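# Architecture at a glance
Chain by chain, the residues run as shown.
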Amino acid sequence: MTTTVTHLFPQTRIGIVGGGLMAQVHSRAARAAGAEVLAVATRTAAGRIRAQGATGAELAYRSAEELLADDRIDVVHICTPNGSHAELVRAALAAGKHVVCEKPLATSAAEAEQLVQLAAGTGLVAAVPFVYRFHTVIREVRARVASGITGRLFTIQGAYLQDWLAAPADDDWRVDPTFGGPSRAFADIGSHLCDAIEFVTGDPIRRLCARVRTVHESRATNKNVATEDAVTVVFETDAGVIGTLHVSQVAHGRKNALLLEIAGENESLVFDQENPDLLRVGTRAGFLARLRSDDVDPAARPYSRIPAGHAQGYQDAFNAFVADTYRAVTGSTPDGLPTFADGLRAVELTEAVLRSDADGSWIDTPAALARTRRFGGHSLASLGA
């Protein structure tokens, strides 16, 4: 059994802009890949002390500009509030750094498109952490769909449910559009759900109809809340598969439940991120629970790092994403690495959701991108669509 995801990268030095939870997750993933966390940058002195301690960075810079000026840094991880992403990406690319930018890549599709084109012109690696792609079970689902085992797809049900903003007093910078952008729940977690669906099926969402709700119009700090707490979407894919999505950050008892069920002509496949080592395979005889094991598809096997029964979770998936990003930096072409094009796709779908709710109508997603881009190594043509 494979016990490592990729080679180690001891010569890779990284810098992290931002000092919150995601900066810590990125720093752990970088170390797991063997890279050196050279520097972190935050805006305040107190923030620098906290961030340096939390990430274990050797240096703490007073600004992103100081960090980007350090010629020793190969890869910059951007872990700041959403509204600052585009400006920092442009600066990092101009400094000749490879970039890992937290999603959303930008708060508008027009700006995200500019970043895609800018990155393409530099030849630098530019990745967005849609890390649920890196669960072994998700890779197994993708392999079963692509191979034809599942058969023609009929329906898709997806949900991403959290409760960390369920109470009126719960608050965060993401609630404020100035920092988080015009969408909160869908841009933050619904984007992960859509990416997982399109990644495992190779079939882009073609049109959708959405409703959004803000259930708490006033919170502890943000008194006139303009971003959504929950979203429901009905959609149709390019191949004609119909589906539903439910996204909520106010679902009591749900901590980080990304749920995906795909029904095909031969079987149904169910993945639950809160139980990520388990794939449920349904037939007319009922559901069979398949633990992540040694007999997964060869495409999934490199991401199964430890023996079955030893649970792998979110940080393991994040570690695999970062390691594959560093592989790309050294010249490899990892299968399914999410790039800025995937970041753009997520912003486009988010804008389609908001527009559908505002207009009360079905919205077509950008057809040119949806029909020409490849979904992590397999396309609609390879699936017989």
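Relevant structure appears above.
So, here's what we can say about the structure. (Residues numbered from 1 in each chain as written. Predicted model: local features only at pLDDT ≥ 70, side-chain atom pairs only at ≥ 80, totals over all residues. Heavy atoms only, no water.)

## Considerations on empty space enclosed by the protein
We apply this condition: Both site types are read off a 1 Å grid over the protein atoms alone. A 1.4 Å probe that fits but cannot get out defines a cavity, while an open set with protein on both sides within 12 Å along at least five of seven lines defines a pocket; lining residues have an atom within 4 Å of a point. Grid points are joined across faces, edges and corners, and a volume is the space filled by probe spheres set on the points. Only DSSP runs of H or I with at least four residues qualify as helices, and only runs of E with at least two residues qualify as strands; both kinds are numbered from the N terminus onward. Under this grouping Gly is polar, as are all residues other than the nonpolar Ala, Val, Leu, Ile, Met, Phe, Trp, Tyr, Cys and Pro and the charged Asp, Glu, Lys and Arg.
All told, the structure shown has four cavities of 30 Å³ or more when counted by the stated rule. Computed from the structure, the largest cavity encloses a volume of approximately 100 Å³. In terms of lining residues, the largest cavity is bounded by 13 residues, among which Ala-106, Thr-107, Pro-182, Ala-187 and Thr-350 are the most central. Ranked by residues supplied to the lining of the largest cavity, first place goes to helix α10 (residues 340-359) with five residues. For the lining of the largest cavity, the class distribution of residues is seven nonpolar, five polar and one charged.

## A short note on the sheet that holds strand β15 (residues 363-364)
We count it as follows: One requirement defines pairing of two strands: DSSP has to find at least two bridges between them. The contact rule is simple, with two residues in contact once any of their heavy atoms fall within 4.5 Å. In this analysis, axes come from line fits to C-alpha atoms, helices being fitted only over the stretch in contact, and the angle between any two N-to-C directions falls in the range 0 to 180 degrees.
With respect to topology, nine strands assemble into an open sheet ordered β14-β13-β12-β11-β7-β10-β9-β8-β15, the strand pairing being mixed. Looking at strand neighbours, the two that pair on one side only are β14 (286-291) and β15, the edges of this open sheet. One ladder, built from two bridges, connects strand β8 (residues 205-213) with β15; its direction is antiparallel. Paired with Arg-207 across the two strands is Asp-364, which belongs to β15. Relative to the sheet, helix α6 (residues 136-147) contacts β7 (153-161), β11 (257-264), β12 (268-272), β13 (278-283) and β14, its axis offset from that of β13 by approximately 30°. Across the face of the sheet, helix α8 (residues 185-201) comes into contact with β7, β8, β9 (230-237), β10 (242-248) and β11 while running at roughly 150° to β10.

## Structural notes on the side chain of Gln-273
Our working definition: Only protein chains enter the area calculation, which uses a 1.4 Å probe; residues under 20% of their type maximum are buried, those over 50% are exposed, and those in between are partly exposed.
Inspection of the secondary structure assignment puts Gln-273 in the loop between β12 and β13. Take Gln-273: its relative accessible area is 6%, and that puts it in the buried class.

## A closer look at the packing of α8 against α10
The criterion, for reference: Helix crossings fall into two classes, left-handed where the near helix is turned counterclockwise from the far one by less than a right angle and right-handed where it is turned clockwise.
Look at α8 against α10: their axes get within 9 Å of each other, and the N-to-C directions meet at 115°. As α8 packs across α10, the resulting crossing turns out to be right-handed. Between α8, through Phe-186, Ala-187, Ser-191, Cys-194, Asp-195 and Glu-198, and α10, the contact on the second element is made entirely by Asp-342, Arg-345, Ala-346, Leu-349, Thr-350 and Val-353. Per-class residue counts for the contact of α8 with α10 are six nonpolar, two polar and four charged.

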